[in-house]
Amino acid sequence: MQKEKHNTMNIKSKIIIMLPMITLFGCSESAKHSVKEYPETKKDLTVVDNYFGTEVADPYRWLENDTTAETAQWVEAQRAVTEDYLSQIPFRENIKKRMTELVNYERYSLPSKRFNRYLYSKNDGLQNQNVIYIQNSLDEEPSVLLDPNTLSDDGTVALSGTSQSNDGKYLAYTIQRSGSDWVEIYVMDIATRQLLPDHIEWAKFTGASWYKDGFFYGAYDRPEEGKEFSNINENHKIYYHKLGTSQEEDVLFYENPSQPRYFHTVGVTEDEKYMFLYESGQGAGSTLWIKEMGADNDFDTDFVQIGFDMNYQYSPIEVIDGTLYIFTNYNAPKGKICKVDVNKPQMENWVEVIPESDNVIAGISLADGKMIVTYDQDASHHAYVYTMDGKMLHEIALPTYGAVAFSSDYKDEEIFYAFTSFAFPTTIYKYNIDDNTSEVFRAPAIDFKSEDYTTEQVFVTSKDGTKVPMFLTYKNGLKKDGSNPTLLYGYGGFNITLNPSFSTSRLPFIESGGIYAQMNLRGGNEYGEEWHIAGTKLQKQNVFDDCIACAEYLIDNGYSSPENLALQGGSNGGLLVGAVVNQRPDLFAAAVPQVGVMDMLRYHLFTIGWNWASDYGTSEDNKEMFEALYAYSPLHNIQNDVNYPAIMVTTADHDDRVVPAHSFKYAAALQAAQTGDNPKIIRIDSKAGHGAGKPISKVIEEQADVYSFIMYNVR
């Protein structure tokens, strides 16, 4: 989350493990390793909060301070228990080996063309970070522009974004250290590959938006030492940095001290004629402002507001010959595209170009004087070509259920797109928009046969009668006898749509006979803003009901059984796992809540947790909201004298999105409760954050542990 996404100025954006099945999925109960003793966790029974007359104890609050020696000792003790447990899994190393083999292939990003040259990223296979390459033509030998692997010995410094200056001379790039959301900005001379002295620190939720001889960026004040990864983030500001000057000389361009919990983002059009300002943080979208740039008013904040309600999205696409094209879901829950005279941009002047339809607009690219619009249809992408006046020309044929992303430019006929699905490794195509044909540009050479696997979509009836989509991927010839190990994955929040995607980490699981099931729960954007709202605040229980219904569907229809079913989710999905396991522990053999929001009464008090209130509400809002949160908060609803599935919590020491205190307190409470003999362990990664920028070595280690734990604890 930071809502897990941001507004942007421009949308254009087998050596199978040769072991018998029984050694891959579970062992006999007598052979299974158990945790004999958990680390002792101190309880402070004096810590009690009063919420609207209800007293709530918080005995593990001391674990919120993750920089103390006492917490550090607790972390090391938990790590020892977890490593001891995982080391006893007989096929753990084989899983890791197979994952390493599978991910060891060349992976490319879409090429991005600007200034008659191409930039793209590539990973040779086992490089910790992707390398940025540049070439002047598709036939030319590429050269390395930037190799993030040289920025740290262990791969924990990651490239998080790049931006070319509007004259094509410079590349601004942002890096993240150890997975933190804090970013630093550097500038490189593209021709010489030399680093300029410019260096920006303590920036967050930002890239570099170039203008003249510098760029705009967003940042917070330098945090208090020792509290860099836990203190609440407030007073986000926009600065302008002129090349060749120090950060101390940067000009404060915009702030809104009356709203300390807003994020601010600016984007400047490529011709530098117009600037857009977004304010977000208190809803599912943002407000939007526009100003014309010029020598006399560059740093005046004389903006015209054109989007007023932060609960909706207003995203400029492009300004073309004085006409602004813009996407919005205001009065159109599934999205529409409008146009307006850039000199009269107020909403009352907007004209619909592509009206709202039955499906959700998921992406827009301009290409060769036309628009390519991608829709979500039951969580799977469909792409269509339109004229700029909104006339549909044709649909782009895609291989199967999946997700697609385009790379193109309004003035260029060269178009690329990447397509992926659960059993379809990401493949890059070159597209001819005139005759509507695609040809493979780059196909991965991976040790995996897509044709040996089936993906189907089913629709599950939730508790209130709502139909919930779910994708199932498995080896051909599946028998519905309830014996199939199944991994159920979900998210359900913050307007996030879970589209089909390819992951080598899942392959050992499905190669060995497992089913991967991906749910499209309410709270996401699969069916637009109404679907999102139906899984928020006082309606959040709908998300958990949807998940429970999906689990029951798998059991009732012979795909799996409670002894064979595992549940996994991360961040808001970690909350999902924690809440559902508390409500229906009988449905699962294993559960993995990753970097989850587990304390729903205090989540808003750390870093940017306050930003999630539009989905969750807070315990301070009113009695009704407190009671709703208290009723499902994973930390506060662990049952006693009930048999729970095997649970492995995961978190990381540099997670400043969902601070590790959530997982620390939840794991401590699980271990103290009477929930049966199944393991309740916590895997705490070091020099890692919420997930972004993690080096491939750490990804393999974590995924091998997660899947080993799951496969060991299903029957």
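The rules behind these values
- Sequence order sets the numbering: in each chain, residues are counted from 1 along the sequence as written.
- This being a predicted model, a pLDDT of at least 70 is required before a residue's local features are given, and a value of 80 or more before pairs of side-chain atoms are given or counted; all residues contribute to the totals for chains, interfaces and linings.
- Each side-chain value is worked out from all heavy atoms of the structure, with water and hydrogens disregarded.
- For two strands to pair, DSSP has to find at least two bridges joining them.
- Runs of H or I in DSSP of at least four residues are treated as helices and runs of E of at least two as strands, each being numbered from the N terminus.
- A fitted line through C-alpha atoms represents every axis, and for helices the fit uses only the stretch in contact; the resulting angles, taken between N-to-C directions, go from 0 to 180 degrees.
- Salt bridges are identified by distance alone: a Lys or Arg side-chain nitrogen within 4 Å of an Asp or Glu carboxyl oxygen.
- A 1.4 Å probe rolled over the protein chains alone gives each residue an accessible area, and that area as a share of the maximum for its type sets the label: buried under 20%, exposed over 50%, partly exposed in between.
- Note on terminology: a nonpolar core comprises buried Ala, Val, Leu, Ile, Met, Phe, Trp, Tyr and Cys residues joined through side-chain atoms within 4.5 Å.
- Any two residues whose heavy atoms approach within 4.5 Å at even a single point are treated as in contact.
- N or O atoms closer than or at 3.5 Å make up a polar contact, with two conditions inside protein: a donor-capable atom paired with an acceptor-capable one, and, for residues adjacent in sequence, both atoms drawn from side chains.

## Looking at the sheet that holds strand β17 (residues 274–280)
For step 1, the next point in the chain: Judged by pairing direction, the sheet is antiparallel, and its 4 strands sit side by side in the order β16-β17-β18-β19 without closing on themselves. Strands with a single pairing partner mark the edges of an open sheet, and in this sheet they are β16 (263–268) and β19 (304–307). In this sheet, adjacent strand axes meet at a mean angle of 25° when their direction is disregarded.

## Considering the pattern of salt bridges
For step 1, the next point in the chain: Within this structure, the stated rule accounts for 34 salt bridges.
For step 2, the next point in the chain: A salt bridge links Glu270 to Arg114; the nearest nitrogen and oxygen atoms lie 3.6 Å apart. Taken together, the residues Glu270 in the loop between β16 and β17 and Arg114 in strand β4 (residues 112–114) connect sequence positions 156 residues apart.
For step 3, the next point in the chain: In this structure, the salt-bridge partner of Glu201 is Arg222, at a minimum N-O distance of 3.7 Å. Of this pair, Glu201 sits in strand β11 (residues 195–204) while Arg222 sits in the loop between β13 (214–219) and β14 (237–242), placing them 21 residues apart in sequence.
For step 4, the next point in the chain: The exposed category is assigned to Arg222, whose relative accessible area is 58%.
For step 5, the next point in the chain: In this structure, a network of salt bridges that share partners links the residues Asp49, Asp58, Arg61, Glu64, Asp599, Arg602 and Lys665.

## What about the nonpolar core?
For step 1, the next point in the chain: Core analysis: the biggest nonpolar cluster contains 77 residues, and Met470, Leu472, Leu488, Met519, Leu567, Phe588 and Tyr616 have the highest contact counts within it.
For step 2, the next point in the chain: Here the element with the most residues in this core is helix α6 (residues 541–556); it accounts for 8 residues.
For step 3, the next point in the chain: Apart from the residues within four sequence positions on either side, Leu472 is in contact with Thr454, Thr455, Glu456, Val458, Ile515, Tyr516, Ala517, Leu554 and Tyr559.
For step 4, the next point in the chain: Counting residues in each nonpolar core, the second largest holds 42 residues, with Met99, Leu102, Phe471 and Ile696 among its members.

## Focus on the environment of Asp599
For step 1, the next point in the chain: Relative to the elements of secondary structure, Asp599 occurs in the loop between β37 (590–594) and α8 (613–616).
For step 2, the next point in the chain: With 366 residues separating them along the chain, Asp599 and Asn233 place their C-alpha atoms 19 Å apart.
For step 3, the next point in the chain: Aside from chain neighbours lying at most four places away, what touches Asp599 is Asp58, Glu64, Ser633, Leu635, His636, His662 and Lys665.
For step 4, the next point in the chain: Here Leu601 takes part through its backbone nitrogen, which lies 3.1 Å from a polar atom of the side chain of Asp599.
For step 5, the next point in the chain: Of note is the side chain of Asp599, whose polar atom sits 2.8 Å from the side chain of Lys665.

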